[in-house]
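Structural characterization, general
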Amino acid sequence: MAVTDESRLRLILLLAVVASAIWAALWYLRPPEEVPAFVGPPRSNYTLDNFTLHALDEEGKLSFTVSAPALARRNDDGSLWVDAPDFLIAAKQGEPWKGTSQSAFVTKDGTHMLLAGAVEMQRAPSPEAAEAHIATRDVDAYPKENRLETAAAATITQPGSILRGTGMKADLNTHQLELLSDVHASFARKRKP
């Protein structure tokens, strides 16, 4: 059997048609391409003017509040920078601590707050603890743990006493205020009845 040019041409055309059909079938039957999940643009930096921020703990209770004339959010780590904040740190029992600082830095998760510059804090009297006033600088506050610390000089004023020292730790849950070194105390004389 001799193969003619015409039969070779038919065979080549038939193979081309079969190859095209197989390619088309594979193209139609292939799994669809996965569309990449839309993540959106990165969260942008932003600023707020004259704001109040209420931060809640895991149980939905107030942890701290910050009010200030200006706030700026940093895009790279999600932290907040606050100018001249008025803040309130809730206590588990008793009155909250209210205060001011020159500026503040708050981490993205709200577990650490640096109260920078001059810091003034006061607590109203309650059955759990006496009235107190703290004057210091550069306080590291951990609102979710209700504790404060600073390495700077601090003055603690309570009815009938003034305590001065360097370095301070405070546990707001137990109402303990501790000066760490170079402590000096002044006590008011008790009046005779």
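Note: the structure precedes this text.
Keep in mind that this is a model prediction, so the values were computed, not measured.

Some details on the overall build of the chain
A tally of regular secondary structure across the chain gives 1 helix and 10 strands. Starting at the N terminus and walking to the C terminus, you meet the elements of the chain as α-β-β-β-β-β-β-β-β-β-β. For a compact globule of 193 residues, the expected C-alpha radius of gyration is about 16 Å, and the chain comes in at 34 Å, more than 25% above that figure. By its C-alpha atoms, the chain is 140 × 30 × 30 Å across when sized along the principal axes. Looking at the chain as a whole, 30% of its 193 residues are labelled buried. Long-range pairs, those at least 24 residues apart, make up 36% of the contacts in the chain between residues at least 6 apart in sequence. If you sum the accessible surface of the chain, you get close to 13300 Å²; carbon and sulfur atoms cover 58% of it.

Observations concerning a nonpolar patch on the surface
Together, Leu11, Leu14, Leu15, Val18, Ile22 and Leu26 give the surface a local cluster of nonpolar side chains, amounting to about 590 Å² of exposed area. Summarising the element assignment, Val18 is placed in helix α1 (residues 5–29).

Some remarks on the pattern of salt bridges
Evaluated as defined, the whole model comprises 5 salt bridges. Glu145 serves as the salt-bridge partner of Arg147, at 2.6 Å between the closest nitrogen and oxygen. Taking relative accessible area as the criterion, Arg147 reaches 29% and is therefore assigned partly exposed. A network of salt bridges, in which partner residues are shared, links Glu145, Arg147 and Glu149.

Concerning the nonpolar core
If you look at the biggest cluster of nonpolar residues, it comprises 28 residues, and the most contacted ones within it are Ile89, Met113, Leu115, Met121 and Leu148. Aside from chain neighbours lying at most four places away, what touches Met113 is Phe64, Val66, Ile89, Phe105, Val106, Val139, Asp140, Ala141 and Pro143.

Some points on the packing of aromatic side chains
Evaluation of the coordinates by the stated rule reveals 2 aromatic pairs. Looking at Arg147, its charged tip hangs above the ring of Tyr142, at a distance of 4.1 Å from the centre.

Description of the environment of Lys61
Tracing the chain through its elements places Lys61 in the loop between β1 (46–56) and β2 (62–73). In this view, Lys61 contacts Ala55 and Leu56; residues no more than four positions away in its chain are not counted.

Describing the environment of Glu6
For Glu6, the position within the fold is in helix α1. Taking the C-alpha atoms as reference, Glu6 lies 78 Å from Arg73; in sequence the two are 67 residues apart. A distance of 2.5 Å separates a polar atom in the side chain of Glu6 from a polar atom in the side chain of Arg10.

So, unusual backbone geometry
One non-glycine residue with positive phi stands out, namely Ala84, at about 45°. With a relative accessible area of 39%, Ala84 lands in the partly exposed category. At Asp182, a position not held by glycine, the phi torsion is positive, near 50°. The topology assignment puts Asp182 in strand β10 (residues 176–187). Judged by its relative accessible area of 52%, Asp182 is exposed.

Procedures and definitions
- Residues numbered from 1 in each chain as written.
- Predicted model: local features only at pLDDT ≥ 70, side-chain atom pairs only at ≥ 80, totals over all residues.
- Heavy atoms only, no water.
- Helix = DSSP H or I, 4+ residues; strand = E, 2+ residues; numbered from the N terminus.
- Rg over C-alpha atoms; globule rule 2.2 N^0.38 Å.
- Buried < 20%, exposed > 50% of the residue type's maximum accessible area, 1.4 Å probe, protein only.
- Contact = heavy atoms within 4.5 Å.
- Areas by Shrake-Rupley, 256 points an atom, 1.4 Å probe, with all protein chains shown as cover.
- Patch = residues over 30% accessible without salt bridge, like charges linked within 9 Å, V, L, I, M, F, W, Y side chains within 5 Å.
- Salt bridge = Lys/Arg side-chain N within 4 Å of Asp/Glu carboxyl O.
- Core = buried A, V, L, I, M, F, W, Y, C linked by side-chain atoms within 4.5 Å.
- Phe/Tyr/Trp six-rings, centres within 6.5 Å; stacked < 30°, edge-to-face > 60°.
- Lys NZ or Arg CZ within 6 Å of the ring centre and 35° of its normal.
- Polar contact = N/O pair within 3.5 Å; in protein donor to acceptor, adjacent residues only side chain to side chain.

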